[in-house]
2 protein chains.
Amino acid sequence: MSVAGVGEFGLIDRVTARLSYGSTVLLGPGDDAAVVAAPDARVVASTDVLVEGRHFRLDWAGAYDIGRRAAAANLADVVAMGADPTALLVALCVPAGTPTEWIEELADGIGAEAAGVGASVVGGDMSASPTLTIAVTALGDLAGRPPVTRAGARPGDLLALAGRIGYAAAGFTVLSRGFRTPRLLVEAYRRPEVPYPAGPLAARSGATAMIDVSDGLLADLGHVAKASGVAIDVNRDAFVVPPQMRDAAQALGVDPYAWLLAGGDDHALAATFPPATALPDGWRPIGRVTEGSGVTVDGAPFDGPAGWDHFR
Amino acid sequence: MSVAGVGEFGLIDRVTARLSYGSTVLLGPGDDAAVVAAPDARVVASTDVLVEGRHFRLDWAGAYDIGRRAAAANLADVVAMGADPTALLVALCVPAGTPTEWIEELADGIGAEAAGVGASVVGGDMSASPTLTIAVTALGDLAGRPPVTRAGARPGDLLALAGRIGYAAAGFTVLSRGFRTPRLLVEAYRRPEVPYPAGPLAARSGATAMIDVSDGLLADLGHVAKASGVAIDVNRDAFVVPPQMRDAAQALGVDPYAWLLAGGDDHALAATFPPATALPDGWRPIGRVTEGSGVTVDGAPFDGPAGWDHFR
């Protein structure tokens, strides 16, 4: 059965029947709007949109994994502020011939990724469209903590990273060249493993700045450097190229540091901490904040690709 | 200059420079997420998506009006819960050749509609896409009031309406037939006049159920009747066909009551109130809640078109 056969309301009923609702959901889908707990009296909110052929390809990943990725991209933005995710809203545009099963699997993926971090899908909208498009809004609660912005890094701060990096970019390159292995890399692209707990943990440990690595590590550190009015230097030695990545890089003729330093799809978190901080669980040092501007690797500009622009 | 020429970050800079931020905005665009005041410790949230060719046409309205409509559709959902809108997040997908001026005008329209109701655009995302798509999420604050859902209507309640109805549907029909006048109707379609203050006012006056009329009055009252487990009867005499609508209906061979009772694009509000309620400003009685199920007009089923399904 296609979505055109089931109709808008039938499809919404099918999707909402598959979702489950946590304690932050005071009123779930089915009314004009949802009501979500915001115990901190401030709500953190972020929106990301994924477009077929640009952010994902139907021949590279199944609906469930696309759903997980769509949710992950947004949930990562919320934890990068130091907040605990509470809710997702999803606007879904699909070609009228899309099988309802595909949408149900997508909803399952979004719901599973949200549930893993204590959040629920509380609302959304659906429309037919020639272009499959998924816009997700994530909400979160700061639990009394100040938000960790991009603007608080100070000269002398430690630079640290949480989560995998380069895996998803390597998987993307592998898929782009028509391969399906190494499986570790391809799966990392299909389903990022976001280090969610590391975000609020960093906030509790006094992180001065934090960012979700979505445009590529150096590009995103550039955002932090600019917003904070500092320079950031990354230690190349802090990055060990894992064996599968090294082998794939050799086979494909790619510098693996381009994946590590300029790849974003893993949704790792980067943060700065006061110099004497004992880094919390999941965080490892990768560099230093200094006076000045811009981002360097071992004191020099990086000569690989810098990052991603969705219009180019 | 097209968006491809300016690039994603350049375009975001241009748009955010045009926005202004009210007192509910604790952290605006430019970080991983925004932070919005939620003094009530609950946040109302709703998402709607508009797709070119399905929800709007570029030859029927300018970017500014499309922006106002996109914001209005979402803000209406928030006030229909009885909440005060606080913030919007916008995911915008545009063909790479779209002129940046078009997007700036769209942003101006969204910002103006938000500002009119005390809300601000606090974040968003942009991507290239073959299909122009605007997904808006609206947030709101309940200010200590219970949310007014679709489920609270009780037999004996008054049914009341706030705002214009049928004008936008008439304007849509006029444009569909290739005409550009009557101007009153066409402008009503291009730029709905949502009765925003009527939503929180109804909540303060004890409204038992409320809904944003977006699918058509009878269809939306059907949602209320079903959620509340009641029947709703509409008085046809409560609707006066305005002269321009009567003339257009005659010229186009349409029953104007199809526009009034089945048209949704005005984003009027419908609500039910306990029988003895003195209706607040902007509300007028249009019917009654009774025991039973379904929606009738003067006690009988309506034989015109019932509403809108975005997949059909």
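What counts, and at which threshold
Residues numbered from 1 in each chain as written. Chains lettered and ligands numbered in written order. Predicted model: local features only at pLDDT ≥ 70, side-chain atom pairs only at ≥ 80, totals over all residues. Heavy atoms only, no water. UniProt positions renumbered as here; feature names shortened; annotations may be inferred. Helix = DSSP H or I, 4+ residues; strand = E, 2+ residues; numbered from the N terminus. Rg over C-alpha atoms; globule rule 2.2 N^0.38 Å. Buried < 20%, exposed > 50% of the residue type's maximum accessible area, 1.4 Å probe, protein only. Contact = heavy atoms within 4.5 Å. Domains from an automatic or database assignment. Buried area = accessible area lost by both parts, 1.4 Å probe. Salt bridge = Lys/Arg side-chain N within 4 Å of Asp/Glu carboxyl O. Nonpolar A, V, L, I, M, F, W, Y, C, P; charged D, E, K, R; others polar. Least-squares fit on C-alpha atoms with pLDDT ≥ 70 in both.

Labelled according to an unreviewed UniProt entry, chain A appears under the name Thiamine-monophosphate kinase, originating from Micromonospora endophytica. Of chain A, the UniProt comment under Catalytic activity (unreviewed entry) reads exactly: "thiamine phosphate + ATP = thiamine diphosphate + ADP".

Asker: Got a minute to help me understand the overall build of chain A in this structure?
Answerer: A tally of helices and strands in chain A yields 10 helices and 12 strands. Since a compact globule built from 312 residues should have a radius of gyration of about 20 Å, the 20 Å found for chain A is in line with a globular shape. Projecting the C-alpha coordinates of chain A onto the three principal axes gives extents of approximately 60 × 50 × 30 Å. Per-residue burial over chain A gives 62% buried out of 312 residues. Of the contacts formed within chain A by residues at least 6 apart in sequence, a portion of 85% connects residues at least 24 apart.

Asker: Would you explain the domain arrangement of chain A in this entry?
Answerer: Residue and element names in this part refer to chain A. Structurally, chain A comprises domain 1 (3-141) and domain 2 (158-297). Computed over C-alpha atoms, the centres of domain 1 and domain 2 are 26 Å apart. Listed per partner, the contact involves 22 residues of domain 1 and 19 residues of domain 2. Summed over both sides, the interface of domain 1 with domain 2 buries roughly 1,700 Å², with 59% coming from carbon and sulfur. Considering only the side of domain 1, the residues that lose the most area to domain 2 are Trp60, Arg69 and Val79, jointly responsible for 40% of the buried surface there. For the interface between domain 1 and domain 2, the tally reads 2 salt bridges. Arginine 69 serves as the salt-bridge partner of aspartate 265, at 3.6 Å between the closest nitrogen and oxygen. Grouping the amino acids of the side of domain 1 that touches domain 2 by side-chain chemistry returns 13 nonpolar, 2 polar and 7 charged.

Asker: Which parts of the structure should I look at to understand the relation of the copies chain A and chain B?
Answerer: The operation relating the pair of chain copies consists of a rotation about an axis and a translation along that axis. The two copies are related by a screw motion: chain A maps onto chain B through a turn of 180 degrees and a shift of 0.0 Å along the axis, at an RMSD of 0.0 Å. Between the two chains, the operation in question is that of a two-fold axis. Taking the C-alpha atom as reference, chain A places A:Ala41 closest to the rotation axis, 2.3 Å from it. Of the interface residues in chain A, 100% have counterparts in chain B that sit at the interface too, so the contact is made through matching surfaces.

Asker: Before we go on, may I ask you to explain the side chain of B:Thr173 in this structure?
Answerer: Considering the arrangement of structural elements, one finds B:Thr173 in helix α5 (residues 167-176). Apart from the residues lying within four places of it in its own chain, the contact partners of B:Thr173 are B:Leu252, B:Val254 and B:Trp259.

Asker: Explain the pattern of salt bridges here, please?
Answerer: Side chains bearing opposite charge may pair, as long as their charged atoms lie close to each other. All names here are of chain A. Under the defined criterion, the tally for this structure stands at 28 salt bridges over all chains. Between arginine 57 and aspartate 59 there is a salt bridge, with its nearest N and O atoms 2.8 Å apart. Classification of arginine 57 as partly exposed rests on a relative accessible area of 35%. Judged by relative accessible area, which is 44%, aspartate 59 ranks as partly exposed. Linked by salt bridges that have partners in common, Arg14, Arg18, Glu104 and Asp108 make up one network.

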